[in-house]
Amino acid sequence: MADTALTAPPRSPLAQVAGRLAAATRTSGGAVRLAELPFLTQLNVRLEAKGTAAEAVGLALDLQLPLQPNTVVRAGELTVLWLGPDEWLLVGPPGSERELESRIRTAAGDEHVSVTEVSAQRTTLLVAGPRAHDLLAHGCALDLHPRSFGSGRCAQTTLGRTQVIVVARADSRAGFWVLVRSSFAGYLTDWLLDAATEYV
C-alpha cells in the first residue's frame, strides 16, 4: 500500500502574496508595514470565568485570563484575547498547540473546560507603521487611535467587509494584529494592498 502521509511542508494562506506585502512595505517608505505571521497557535478556550478552573489555568499559563471585555493579556510568547464572558483565544508560537492544550486541561482538572484548536482556521496579518491605524480606518468603523484603542485592547469587528479580530500590539509602534479566517485572507490582503497605495 502506498504511503499517503503528508511530506510537503505546510503552506500558509498568504504564502503566494508575501512578496506583494513586502513590496508595499518598501514602497510606503516605512509609513505602513504589512506581513503575514503564519502558523501561530490559536486555541479557543471556554470555561467559567469566576470558577476555580480559570485561576488554575491562569497559573498554568503564567498569566491571568482577561476578564474585562475586549482586553488582552500578554506573558512571554503567549497572548490571550477576551472574546466573551466565558471565552478566550490563546495565541502562542507555532507548534505549541499540544503542549498548551495539555497544560490547560491538566490545570482545569475535573472542572469543565473546552479547548478547541483553531490554528488552521485563521491566519494573522501584521499591520504596523505610523500610518497603520489610518490604513485600517479605511474599512473599519472602530476608532483605532492609540488614545481609544491602545495596548491591551482587542475587538471582533469587520474590516473591508470581512469579519476579523483586531489586536493592538504592545505599543503603538508595534501596530496591530488582524486575525482573519483563512478563506477570506486573500481577499482582505488585496483590500489592504489597495488601500495602502495611498502611502506609496
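This is a predicted model, so every value here is computed, not measured.

Visitor: Summarise the nonpolar core; cite the residues concerned and give the values.
Guide: With 31 residues, the main nonpolar core has Leu135, Leu159, Leu188 and Leu192 as its most contacted residues. Secondary structure elements with two or more residues in this core: helix 1 (18-27), strand 7 (122-128), helix 4 (132-137), strand 8 (154-159), strand 9 (162-168), strand 10 (176-181) and helix 5 (182-196). Per-element tally for this core: the top contributor is helix 5, with seven residues. Sequence-distant contacts of Leu188, defined by excluding residues within four places in its chain, comprise Leu125, Leu159, Thr162, Val164, Val178 and Val180.

Visitor: A description of the pairing of strand 5 (residues 87-92) should follow, citing residues and the corresponding values.
Guide: Of all the six residues making up strand 5, six are buried; the element is thus mostly covered by neighbouring parts of the structure. With burial as the criterion, each face of strand 5 is covered, one bearing Glu87, Leu89 and Val91 and the other bearing Trp88, Leu90 and Gly92. Across six bridges, the pairing between strand 2 (residues 41-46) and strand 5 is antiparallel. Each residue of the ladder has a partner; that of Arg46, found in strand 5, is Glu87. One ladder, built from five bridges, connects strand 4 (residues 78-84) with strand 5; its direction is antiparallel. Within strand 5, the position partnered with Trp82 by the bridge is Trp88. Counted along the chain from strand 4 to the antiparallel partner strand 5, the turn is two residues long.

Visitor: Requested: an account of the sheet that holds strand 1 (residues 33-37), with residues and values cited.
Guide: Sheet architecture is open: five strands sit in the order 1-7-10-9-8, paired in antiparallel fashion. Of all strands in the sheet, those bounded by a partner on one side alone are strand 1 and strand 8. Between one strand axis and the next, the sheet turns by 30 degrees as a mean value, whatever way the strands run. Where strand 7 and strand 10 come together, six bridges link them in antiparallel fashion. When the bridges of strand 10 are listed, Leu125 appears paired with Val178. Contacting strand 1 and strand 7, helix 1 crosses the sheet at an angle of about 155 degrees to strand 1. Of the strands in this sheet, strand 1, strand 7, strand 8, strand 9 and strand 10 are in contact with helix 5, which crosses strand 10 at around 135 degrees.

Visitor: Lay out the pattern of salt bridges in plain terms, naming residues and giving numbers.
Guide: Counted under the stated rule, the structure contains five salt bridges. Close ionic contact of Glu101 with Arg105 constitutes a salt bridge, the shortest N to O distance being 2.9 Å. Of this pair, Glu101 and Arg105 are both found in helix 3 (residues 97-108), four residues apart, which corresponds to roughly one turn of the helix. A salt bridge links Arg131 to Asp134; the nearest nitrogen and oxygen atoms lie 2.7 Å apart. Judged by its relative accessible area of 27%, Asp134 is partly exposed.

Visitor: So what's going on with the packing of aromatic side chains? Which residues, and what values?
Guide: Here the structure, examined in full by the defined rule, presents one aromatic pair. Its end group placed over the ring of Trp177, Arg169 keeps NZ or CZ at 4.1 Å from the ring centre.

Visitor: Could you give an account of the sheet that holds strand 5, naming the residues involved and the relevant values?
Guide: Sheets are built from strands paired through backbone hydrogen bonds, the pairs being either parallel or antiparallel. If you trace the five strands from one edge of the open sheet to the other, you get 3-4-5-2-6, paired in antiparallel fashion. A single partner strand is all that each edge strand has here, and the edge strands are strand 3 (72-75) and strand 6 (114-117). Along the sheet, successive strands turn relative to each other by an average axial angle of 20 degrees, direction set aside. Packing of helix 3 onto the sheet brings it into contact with strand 2, strand 4, strand 5 and strand 6, and relative to strand 2 it is tilted by some 20 degrees.

Visitor: I'd like to hear about the side chain of Thr124, residue by residue, with values.
Guide: Assignment of secondary structure puts Thr124 in strand 7. The class for Thr124 is buried, based on a relative accessible area of 0%. When near neighbours in sequence (up to four residues on either side) are disregarded, Thr124 contacts Ala35, Glu36, Leu37, Leu40, Gln42, Trp177, Val178 and Leu179.

The rules we used
- Residues numbered from 1 in each chain as written.
- Predicted model: local features only at pLDDT ≥ 70, side-chain atom pairs only at ≥ 80, totals over all residues.
- Heavy atoms only, no water.
- Core = buried A, V, L, I, M, F, W, Y, C linked by side-chain atoms within 4.5 Å.
- Buried < 20%, exposed > 50% of the residue type's maximum accessible area, 1.4 Å probe, protein only.
- Helix = DSSP H or I, 4+ residues; strand = E, 2+ residues; numbered from the N terminus.
- Contact = heavy atoms within 4.5 Å.
- Pairing = 2+ DSSP bridges.
- Axes fitted to C-alpha atoms, helices over the stretch in contact; angles between N-to-C directions.
- Salt bridge = Lys/Arg side-chain N within 4 Å of Asp/Glu carboxyl O.
- Phe/Tyr/Trp six-rings, centres within 6.5 Å; stacked < 30°, edge-to-face > 60°.
- Lys NZ or Arg CZ within 6 Å of the ring centre and 35° of its normal.

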